[in-house]
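Structural features, examined
Residues per chain, in single letters:
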Amino acid sequence: MSAKKRPGGLRSVQWFGRQDIYGFIYRSWVKNRGIPQDQFDGRPVIGICNTYSELTPCNSHFRTIAEHVKNGVLDAGGFPLEFPVMSLGETLLRPTAMLYRNLASMDVEESIRGNPLDGVVLLAGCDKTTPATLMGAASVDLPTILVSGGPMLSGKYHGKDIGSGTNTWSMSEDLRAGKLTLHEFHEAESCMHRSHGHCMTMGTASTMASMSEALGVAMPGNAAFPAVDARRNVIARMAGRRIVDLVREKVPLSKILTRQAFENAIRALAAIGGSTNAVIHLIAIARRIGVDLKLADFDRLGRGVHTLVNLMPSGKYLMEDFCYAGGLPAVLRELGENRLLHKGALTVNGNTIWENNREAPCYNRDVIFPFAKPFKKNTGIAVLRGNLCPGGAIIKPSAATPKLMRHKGRAVVFENIEDFHTRIDDPNLDIDEKCVMVLKNCGPKGYPGMAEVGNMPLAPKILKRGITDMVRISDARMSGTAYGTVILHIVPEAAAGGALALVENGDVIELDVAKRKLHLHVSEKELKRRRARWKAPKAQLGRGYWHLYHEHVLQADAGADLDFLVGRSGALVPRDNH
Ligand code: FES
């Protein structure tokens, strides 16, 4: 048989169905762990793409989840083969896990394409592992299901709930303001993350797990079941069964990840008060699969959508509470009942999104509010434009201070993150609460990797006066667990020569979120004069992946993907390996 794709046949047959030297090579080494000959009878071969790593604490239980997926694949008559890919631990990786999202996506893409797989189950949890695996899988376009690892149990400290990230920021500010002792701070570390799973606030991991469910690429209920809840393992097992059917039914990922699916996800993002990081990730995933999603789509589709979910960082509860209240299905039902869902979008369990969610119950209206009486009104991601961000910038209104949404103030400029750290605690820093904090050179090229430093901590002298929020502007991202009146993802970034690079101390900056405006009150003539003096900062490393990234990374409005990774290459590999 030719190594080329057989019409109507399974892809794996090109490897395992051969009765020649190649068939011997492809089968024999796989048999070394006790695989009988009958496993090579043409049944669907399912890859289990595992982002397990002890360096990614949020994914450290994934060996168990993989076993449940395997059992499901075997239940349905498939042949499971688990493989590792690069894992990205948000809390340990320097300079930021986001720098490596595209690298991990390349690993996923090539591992799937180069191997004898007919379908794939992606195991993802920590922030970047979800977009990285989906981006890679999208570029191959086999039948695909994503299983999230699930959130941790709620943090418990001194009788109160504490949430990943959100209370990390607030407690570290309390420490700096002298309201918390170092002993209490250390104690809180042990109390916050006390089970397997990813961050249990509505941070980026929970947001991306919710996005996967709203996109239809994950099983219903995927987002909210805690990592240690037995039902998480049931989801894994059902995904294992279902992926075998998806292969038999010939449903590639592109049948799931349609424009309608992305539009559903954008509205769900607004309804859950989800992470700003989802904007970049959804655009990147969409552009891999061939959907031309734009920044403007988030503003257009998010308008009129209310935040329904009362979870940190926008509200007070945690993912465990969200699960017990009904989880994302209850939110999707609210959207559907208010004409904010493409009801016919297909999902991986074979039903439409509406068939899955139209009868979803809600058990706690203080956690999931009804659309008619929302938790917060009109809070979709707002996309700002102006001379400071001609390519766009974003703000998450649900996590911002309402009175700062229209604000004019004097810029206090930090040239880079080191400059910020050096000066922010200086009692002589010329800053008050009306100022606008500006941080440069933290975008994709500048940091590199667009770190989550946009929610700059406030100066101690301001914190001590009880002020908790100021307008902050940067080309960086912010953690999905963070909050504040924070303008992010300025395009073009400072290191690419954007106007952000030209802002000086004392310039006046005007923000008007209702008008979607961000304006630097400096004349064109003066900006031209400053531009003539500007020099691009030198790339930090001139070799290896950092070099490749610096040369090819796109700006935030294009998903910060590498330019040569956009789009699909499909699954065909026309040559044998010997
Ligand atoms: Fe992994 Fe937050 S650190 S999800």
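Residues numbered from 1 in each chain as written. Predicted model: local features only at pLDDT ≥ 70, side-chain atom pairs only at ≥ 80, totals over all residues. Heavy atoms only, no water.

So, the overall build of the protein
The line we're drawing: Runs of E in the DSSP output that reach at least two residues are strands. Runs of H or I that reach at least four are helices, and both are numbered from the N terminus. As defined in this context, the radius of gyration uses C-alpha atoms, and a globule is described by 2.2 Å times the residue total to the power 0.38. Surface exposure here means Shrake-Rupley accessible area, sampled with a 1.4 Å probe, where a residue is shielded only by the protein chains that are shown. Lys and Arg are tallied as positive, Asp and Glu as negative. Neither His nor the chain termini are counted. Positions of charges follow a simple convention, taking NZ of Lys, CZ of Arg, CG of Asp or CD of Glu.
The number of helices and strands found in the protein is 20 helices and 14 strands. A compact globule built from 578 residues should have a C-alpha radius of gyration of about 25 Å, and the protein, at 24 Å, falls within 12% of that. Its C-alpha atoms put the protein at 75 × 55 × 50 Å along the principal axes. Carbon and sulfur atoms provide 53% of the accessible area of the protein, an area that totals close to 22300 Å². When the 73 positive and 58 negative side-chain charges of the protein are each reduced to one mean point, those points stand 4 Å apart.

Focus: the environment of Ala239
The cut-off we apply is this: Contacts are residue-level and defined by heavy atoms, with any inter-residue pair within 4.5 Å sufficient.
Tracing the chain through its elements places Ala239 in helix α9 (residues 230–248). Along the primary structure Ala239 and Gly72 are separated by 167 residues, whereas in three dimensions their C-alpha atoms are 6.9 Å apart. Among all residues touching Ala239, those that are not within four sequence positions of it are Val121, Ile145, Val147 and Met219.

Quick notes on the pairing of strand β10 (residues 436–439)
Note the following rule: Exposure is judged per residue with a 1.4 Å probe applied to protein chains only, and the accessible area is read against the type maximum: over 50% gives exposed, under 20% gives buried, and values in between give partly exposed. By definition, two strands form a pair when at least two bridges between them are found by DSSP.
Because side chains alternate across β10, one face comprises the buried residues Val436 and Val438, and the other comprises Met437 and Leu439, equally buried. Bridging between β10 and strand β11 (residues 471–474) involves four bridges; their strand directions are parallel. Note that in β11 the partner of Leu439 across the bridge is Ser474.

What about the state of the cysteines?
Threshold: Any pair of cysteine sulfurs within 2.5 Å is marked as a disulfide.
Enumeration according to the criterion identifies zero disulfides in this entry. Cys49 takes part in no disulfide bond, and the closest cysteine sulfur, belonging to Cys126, lies 15 Å away. In this structure Cys49 comes out as buried when scored by relative accessible area, which is 0%. Cys199 provides the cysteine sulfur closest to Cys191, a residue in no disulfide bond, and the two sulfurs are 16 Å apart. Taking relative accessible area as the criterion, Cys191 reaches 17% and is therefore assigned buried.

A closer look at the side chain of Asp507
This is how the line gets drawn: Between N or O atoms, a polar contact is any pair within 3.5 Å; within protein, one atom must be a potential hydrogen donor and the other a potential acceptor, and residues adjacent in sequence are included only when both atoms are from side chains.
Position of Asp507 relative to the elements: it lies in the loop between β12 (486–491) and β13 (508–512). Within the structure, the side chain of Asp507 is placed 2.8 Å from the backbone nitrogen of Glu504, a separation counted as a polar contact. Apart from the residues lying within four places of it in its own chain, the contact partners of Asp507 are Gly409, Arg410, Ala411, Leu502, Leu520, Val522 and Arg530.

Comments concerning the sheet that holds strand β7 (residues 382–384)
Strands in a sheet are paired, the pairing made by backbone hydrogen bonds, and the direction either parallel or antiparallel. Operational definition: Angles run from 0 to 180 degrees between N-to-C directions of axes, and those axes are lines fitted to C-alpha atoms, restricted for helices to the stretch in contact.
In space, the eight strands of this open sheet follow the order β7-β8-β12-β11-β10-β9-β13-β14, with mixed pairing throughout. Bordering the open sheet on either side are β7 and β14 (517–520), each of which pairs with just one other strand. The sheet shows a mean angle of 25° between the axes of neighbouring strands, direction not considered.

As for the sheet that holds strand β2 (residues 79–84)
Strand order in this open sheet of four strands is β2-β1-β3-β4, and the pairing throughout is parallel. Each edge of the sheet is formed by a strand with only one pairing partner; in this case those strands are β2 and β4 (144–148). Taking the axes of each pair of neighbouring strands and ignoring which way they run, one obtains an average angle of 20° across the sheet. Running at roughly 165° to strand β3 (residues 119–124), helix α5 (residues 129–140) makes contact with β1 (45–50), β3 and β4 of the sheet.

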